[in-house]
Structure formats: C-alpha cells, structure tokens
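# Geometric and topological summary
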Amino acid sequence: MRLAIVGTGRMGHTLATLALQKGYSIASHVGRLSPELWGTLSVEVVIDFSHPSQVPALVEACLHRSIPLVTGTTGWYERLPDLRRLAETTPNARWLWGGNFSRGVLLLKSAIRAIFQMWGQLSDWEAALVETHHRHKKDAPSGTALELRRHFPALKTIYSLRLGEVVGEHRILLSGPGEEVELLHRAHDRIVFAEGALWAAQWLLQQQRFVGSFEEALSSGRMSNQAL
Ligand SMILES: NC(=O)c1ccc[n+]([C@@H]2O[C@H](COP(=O)([O-])OP(=O)(O)OC[C@H]3O[C@@H](n4cnc5c(N)ncnc54)[C@H](OP(=O)(O)O)[C@@H]3O)[C@@H](O)[C@H]2O)c1
C-alpha cells in the first residue's frame, strides 16, 4: 500500500512508524496541507490524523482527485452533514472516517448498546461518562465520548479531563440505588489506533465506492471476511 499521511504529531508519527514496519511505502508525510502533498506522486490512499481545521479541505481535495481517504482526525463533526452530502454525490467516492479505530472501543460500544436496551426498566439509575486524555488534545468532549453518547443517549453528562500524557480513557458510570456498574476502556498505546486506521485503509482500497464511518463499514457486513 502506498500512503500519504497528513499529521506529523503523536498519531502521524505512530502511524508512519507502524506503516513502515508493515512494509508499506509512505509517498508523502506532511503536518499541514500543502501542494507538496499531491505533487506528481501517485498515492493509493491518504490517512489523516491532524487538526479539525484541515478536514474539509482534505476531504474536498481527495474527492476531487478520486483518492481514497481515511479520516482519523476528530473535532470536525459539525461539518459532517455537508461533507457527507458532497461525498455521496461524488462518483466513486471512497471516504471512511472514525473517531476511534481501536477494537476495545468497538467492544465498549456494543456493550453499551446492549445495556441501553434494558435502560428503560432502570428509571432510578443515572449514567455519566468521564473521558481523560493528554493535555495537548484540542477537542473536548472527545470524538469517542460523543459517539458513545449516540449509542447511549441516557449519558447526559460527559466530564472531560485533560491530564499529563494519558493516551485515552473512557469510563462509563452507571449508578443505581445501592449499587453501580463501571465500564472502562483504556488505550495504553497509540499503536492500537494506527493499526485500526491501516486496516481501514486496506479495506477501503478494496471497495469500488464507500462513504461512511468505521462503524458503518463494520456493520455493513462487507468487512466480515477480513480479520481486524
Ligand atoms: N480516530 C482515532 O482513533 C484517533 C486516535 C487518536 C487521535 N485521534 C485524533 O487525531 C488527531 C491528531 O492527534 P495527535 O495527538 O497526533 O495531534 P498532534 O500531536 O497535536 O498533531 C497534530 C498535527 O496536526 C497538524 N496541524 C495542522 N493544522 C493545525 C492547526 N491549525 N493547529 C494545530 N495543529 C495543526 C500539526 O502540524 P504542526 O506540527 O505543523 O503543528 C500536527 O502535524 C486529533 O484530532 C485526535 O483527536 C484520533
């Protein structure tokens, strides 16, 4: 796989290291969007872990050039409806985005979906989410916290802690009279996100057309014959 990576920070660095270890070639690696990204290079796929301000221009550029794009950057979701509309009306568009490419968070989402089905019978219970990330993180709440709330709308309160160099932690607290349940996902290493993004990129390359989130790709059934 021949990649271009946008983002030279913590995630961009982890992704580049892993991609090279896996024998992929990196045709271009930039922090900020620039003509240098496109040049005369031929790239099969672009993976973006940069800044929300860059997402719209990068999506438009990739759609225009028919280059598959995996967006791992978070914090731009207010633009999702119009960018999605644009992609859906672009022939042969291939664009996949995900606020969290770890497998553990996929497990957490499916656990809370199941719990939410019973939630109506637990009218005296309350739910809250605490997400903790390193102090450099730009957006709050995290993209993952917002996705978790979409699956569990009873999660009315989200607390965002920005602390030290914590890679990423999402803790869901369910509290009832005299008892409580806690679900925790903790990423120890950014490599789990890089693994998921590379896997998503490989999958996207095999599609004729796809516009949707990581979860939509997984639930489409089209990912089932490829181990994550
Ligand atoms: N989807 C997932 O699984 C997942 C997992 C982890 C993180 N993320 C997301 O990935 C993104 C990158 O995270 P990170 O920890 O790698 O961030 P980071 O270390 O701060 O790196 C940010 C990168 O974006 C570039 N950038 C471009 N425009 C910028 C602007 N206006 N302000 C600041 N930086 C700008 C920076 O360039 P310069 O070096 O020139 O400043 C740098 O290369 C974030 O949105 C984060 O939430 C997603």
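Residues numbered from 1 in each chain as written. Predicted model: local features only at pLDDT ≥ 70, side-chain atom pairs only at ≥ 80, totals over all residues.

### Things to note about unusual backbone geometry
A cis amide bond links Ala140 to the next residue, Pro141, at an omega of -5 degrees. Within the fold, Pro141 resides in the loop between strand E6 (126–133) and helix H6 (143–151). Of note in this structure, Ser66 is not a glycine but carries a positive phi near 55 degrees. Considering the arrangement of structural elements, one finds Ser66 in the loop between helix H3 (55–65) and strand E4 (69–71). Phi is positive for Asn92, which is not a glycine, with a value near 55 degrees. Structurally, Asn92 is set in the loop between helix H4 (80–88) and strand E5 (94–97). C-beta crowding within 10 Å serves as the criterion here: with 11 such atoms nearby, Asn92 is assigned to the exposed category. (Helix = DSSP H or I, 4+ residues; strand = E, 2+ residues; numbered from the N terminus. Buried ≥ 20, exposed ≤ 12 C-beta atoms within 10 Å, placed from the backbone.)

### Topic: the pairing of strand E8 (residues 168–176)
Direction of pairing for E6 relative to E8: antiparallel, over a ladder of 7 bridges. Residue pairing in the sheet places Ala128 in a bridge with Leu173 of E8. Of the strand pairs in this sheet, E8 and strand E9 (residues 179–187) are connected by 9 bridges, and their pairing is antiparallel. Within E9, the position partnered with Leu174 by the bridge is Val181. From the end of E8 to the start of E9, which pair antiparallel, there are 2 residues, and Gly178 there has a positive phi angle of about 80 degrees. (Pairing = 2+ DSSP bridges.)

### Section: the packing of helix H5 (residues 103–119) against H6
In the contact formed by H5 and H6, the axes pass within 9 Å of each other and the chain directions differ by 30 degrees. The pairing of H5 with H6 is recorded here as roughly parallel in orientation. For the pair H5 and H6, the sense of crossing is right-handed. Together, Val105, Lys109, Ile112, Arg113 and Phe116 of H5 and Thr144, Leu148 and His151 of H6 make up the contact between the two elements. In terms of residue class, the contact of H5 with H6 is made up of 4 nonpolar, 2 polar and 2 charged. (Axes fitted to C-alpha atoms, helices over the stretch in contact; angles between N-to-C directions. Parallel < 35°, antiparallel > 145°, perpendicular 65-115°, else oblique. Left-handed = near helix turned anticlockwise from the far one by under 90°. Contact = placed C-beta atoms within 7 Å. Nonpolar A, V, L, I, M, F, W, Y, C, P; charged D, E, K, R; others polar.)

### Quick notes on the sheet that holds strand E10 (residues 210–213)
If you trace the 6 strands from one edge of the open sheet to the other, you get E2-E1-E3-E4-E5-E10, paired in parallel fashion. The sheet is open, and its two borders are formed by strand E2 (25–30) and E10, each paired with just one other strand. Put simply, the sheet's adjacent strands are angled 15 degrees from each other on average, direction ignored. Pairing geometry for strand E1 (residues 2–6) and strand E3 (residues 45–48), over 4 bridges, is parallel. Of the residues in E3, the one forming a bridge with Val6 is Asp48. Packed on one face of the sheet, helix H1 (residues 10–21) meets E1, E2 and E3 and runs near 165 degrees to E2.

### Quick notes on the pairing of strand E7 (residues 157–162)
The pairing of E6 with E7 spans 6 bridges and is classified as parallel. Paired with Glu131 across the bridge in E7 is Ser160. With H6 bridging E6 and the parallel E7, this β-α-β connection has right-handed handedness. (Right-handed = clockwise from strand over helix to strand, strands pointing away.)

### Re the domain arrangement of the chain
Under the domain assignment used here, the chain contains domain 1 (2–97 + 191–219) and domain 2 (103–187). Each of domain 1 and domain 2 was reduced to a C-alpha centroid, and the two centroids are 27 Å apart. Contacts between the two partners involve 7 residues from domain 1, matched on the other side by 7 residues from domain 2. Residue composition of the side of domain 1 that touches domain 2, by class: 3 nonpolar, 4 polar and no charged. (Domains from an automatic or database assignment.)

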